[in-house]
Amino acid sequence: MTAAVVSASRVTTLGKASGLGLGVAMIWFSLLVLIPLAAVIVTASQGGWTAFWNTITNEQTAAAIRLTVTHAFLVTAVNVVMGTLIAWVLVRDQFKGQRILEVLIDIPFALPTIVAGLVLLSLYGPNSPIGVDVANTPRAVTLAFLFVTLPFVVRTVQPVLAELDPEVEEAAASLGASRFTTFRRIVLPSLIPAIAAGAALSFARAVSEYGSLVLLSGNLPFQTEVTSVRILSSIENDNVEAAAAVASVLLLISFSVIVLIDVLQRFLVKRD
Amino acid sequence: MTEATTFHPDPGRRARLSTRRRRPITYVFRVIVAVYLFFLVAWPVSLVVKNTFTDGLTDLRGILEDPDIVHALRLTVGVAVVAVVLNTVFGVGISLLLVRYEFPGRRLLSALIDVPLSVSPIVVGLSLVLVYGGRDGWFGPQLEDWGIQVIFAPLGILLATTFVALPLVIREVVPVLEEIGIEQEQAAHSLGASAVQTFRRITLPSIKWGVIYGVVLSLARSLGEFGAVKVVSGNILGDTRTATLVVEEKYLNFDKGGAYATAFLLALVSVACIVVVSFIRPKEGPR
């Protein structure tokens, strides 16, 4: 996907039919996504800055945001290491059953989140066959986040790793570089943009997670209650202003992540 | 995930890699990865099968004979199918516009398309309630005057489901369109083919696998949506309760057998989707 291919394939300005198509698509996209998200921001700002600030610094809400962000960081750090390692094993190693690993990695992406919570609960809950019970503790949040964010770093690093030319590494090795030095000096620098993009996706997914926690974490205030649960209880208490205020904090995090990915991808294209 | 379908592997590379002598560290890595995935994914997911069939087929039969559950399953499948159709038509159209045309705001649109992937499902639900809520939404009261109820009705479930799965087809089709270029389309055009003919005979066959891949992913995502649906559906038994909401409700009401059986059906479909995708992928992509 080089810049040359992209620019060569885009030659046409909009005609009558394509202009109409763009119009219809934009109306649909606005009604479905843009106007509703704008409504969240508008509703959050209706009470003014003080009301907004009081809502998000409410003791329980602040605790929920802190818990969510800390765990999202922690889990993303684990994913950076494990995701890169998994991608490495899938690309550079060859053994029977690799295909099963490929399927396992995609399962968290396709499995309904409520089912994800239920399956984790059956191994790590009160009736655990291995005697590990993390239900209703902060470890449950860690576990659920690890499960739902598993595919992101693996799937962004994998194609980049597969495209790296092993000859450069072989050359480094033949010049006497140790395996670790080769990895650190040759492989890692090329992987860093992909790892960062995967980490950003994994972080964004973790901060917005809801479904897998419902059955698993018990939603205990100050202990296992995450931001999404906090927003939902505001909605259920008919306090949409408070819900919108906390939601816009989450939206802000999501948007920063998207901008970050965009910057990283431009950086990648330039390097090509 | 987007890049996965876009690169061509060097056929000699695998051979070169496999002739290199394996070192002990390779086996250590392999074992770490296998153990991690076993404890995080394989074992927990397999327990859902075990727990569903502890009493033989009783639990599964129980939910399939309950008219309210059957209604929930039907609703889920119906909504998912309509959402997938909408997202496929819209997705292919937007992909063509993004890749083949130049217009102001193209970059911005391309970035905004990905937004639904990183918005919390609860926020998705909230945003729809704020606009389409019957009591004090922006458009809701007007729509209700016209007899259209969105929130706490199937239409709201459909909007929520379409919202969360929106980027999936586009993310698969855009890289393929960029890869195939426009030479063939231009050739067809210069030989007198109409835009529709060019699309049907040239463009569609080349993006076919990307579209199918996107459709399968969207289907899995649509069947399994939970948080956004919970906010907008009202969760009315036998009316707007979907399959994922049944799982929660059954579990919280101590009907674990029913919860596992419903979860099993959902897991079965999503794992089937993933397996189908992993068989489609080799034809297009890396392995």
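Everything quoted here is computed from the prediction, not taken from an experiment.

Here the focus is the overall build of chain B. Helices and strands together make up the secondary structure of chain B, namely 14 helices and one strand. The buried share among the 287 residues of chain B stands at 45%. Taking as baseline every contact in chain B between residues at least 6 positions apart, the subset at least 24 positions apart corresponds to 75%.

For the rest of this paragraph, the subject is the overall build of chain A. Helix and strand counts for chain A come out as eleven helices and one strand. Counting the 272 residues in chain A, one finds 46% classified as buried. Of the contacts made within chain A by residues no fewer than 6 positions apart, 78% connect residues no fewer than 24 positions apart.

With that out of the way, let us pick up the nonpolar core. Formed by 164 residues in total, the largest nonpolar core has its most connected members in Leu118(A) and Leu126(B). Considering every element that reaches this core, the biggest residue donor is helix H7 (residues 138-163) of chain A, with 15 residues.

Many structure descriptions define interface size as the accessible area lost when the parts assemble. Chain A puts 81 residues into the contact, and the matching count from chain B is 80 residues. It is helix H2 (residues 16-46) of chain A that contributes the most residues to the side of chain A that touches chain B, 14 residues altogether. Along the lines of polarity and charge, the residues of the side of chain A that touches chain B split into 58 nonpolar, 13 polar and ten charged. Here strand S1 (residues 12-13) of chain A pairs with strand S1 (residues 101-102) of chain B via two bridges, running parallel. Across the sheet, residue Thr12(A) finds its bridge partner in S1(B), namely Tyr101(B).

All names here are of chain B. Its 29 residues give helix H2 (residues 24-52) an end-to-end C-alpha distance of 41 Å, which sits within 8% of 42 Å, the value for a rise of 1.5 Å per residue. At Phe 38, H2 shows its maximal bend, which comes to roughly 50 degrees. When H2 is considered as a whole, its buried residues turn out to be Val 33, Leu 37, Leu 40, Val 41, Pro 44, Val 45, Leu 47, Val 48, Asn 51 and Thr 52.

Here we come to helix H8 (residues 154-165) of chain B. Compared with the 16 Å implied by 1.5 Å per residue over twelve residues, the 17 Å span of H8(B) between its first and last C-alpha is a close match. Of all twelve residues in H8(B), ten are buried; the element is thus mostly enclosed. Of all the residues in H8(B), the buried ones are Gly156(B), Ile157(B), Leu158(B), Leu159(B), Ala160(B), Thr161(B), Thr162(B), Phe163(B), Val164(B) and Ala165(B). Looking at the buried residues of H8(B), the elements they touch are H2 of chain A together with helix H4 (67-100), helix H6 (121-132), helix H9 (167-180), helix H11 (195-223) and helix H12 (227-233) of chain B.

With that settled, the discussion passes to the environment of His71(B). Residues and elements named next belong to chain B. Tracing the chain through its elements places His 71 in helix H4. What makes His 71 partly exposed here is the crowd of 17 C-beta atoms within 10 Å. In this structure the C-alpha to C-alpha distance between His 71 and Leu 155, which are 84 residues apart in sequence, comes to 16 Å.

Another point: the confidence of the model for chain A. All names here are of chain A. For chain A, the mean per-residue pLDDT works out to 87, and 94% of the residues sit at or above 70. No element of chain A has a lower mean pLDDT than helix H1 (residues 3-9), at 44, and none a higher one than helix H6 (residues 113-124), at 94. Low pLDDT, under 50, characterises residues 1-9; the stretch is placed with 14 contacts to residues that sit more than four places away or in other chains.

Once that is clear, we can look at unusual backbone geometry. You will see that Asn219(A), though not glycine, has its phi angle at about 50 degrees, which is positive. With respect to the element layout, Asn219(A) can be found in the loop between helix H9 (179-207) and helix H10 (227-236). Among the residues examined, Asn219(A) registers 19 C-beta atoms within 10 Å and is labelled partly exposed. We note that Phe152(B) has phi near 65 degrees; this positive angle belongs to a residue other than glycine. Secondary-structure assignment places Phe152(B) in the loop between helix H7 (140-145) and H8. Its 18 C-beta neighbours within 10 Å are what place Phe152(B) among the partly exposed residues.

Calculation rules
- Residues numbered from 1 in each chain as written.
- Chains lettered and ligands numbered in written order.
- Predicted model: local features only at pLDDT ≥ 70, side-chain atom pairs only at ≥ 80, totals over all residues.
- Helix = DSSP H or I, 4+ residues; strand = E, 2+ residues; numbered from the N terminus.
- Buried ≥ 20, exposed ≤ 12 C-beta atoms within 10 Å, placed from the backbone.
- Contact = placed C-beta atoms within 7 Å.
- Core = buried A, V, L, I, M, F, W, Y, C linked by C-beta atoms within 7 Å.
- Nonpolar A, V, L, I, M, F, W, Y, C, P; charged D, E, K, R; others polar.
- Pairing = 2+ DSSP bridges.
- Expected span 1.5 Å × (residues − 1).
- Bend = angle between axes of the 7 residues up to and from the residue.
- pLDDT = per-residue confidence, 0-100.

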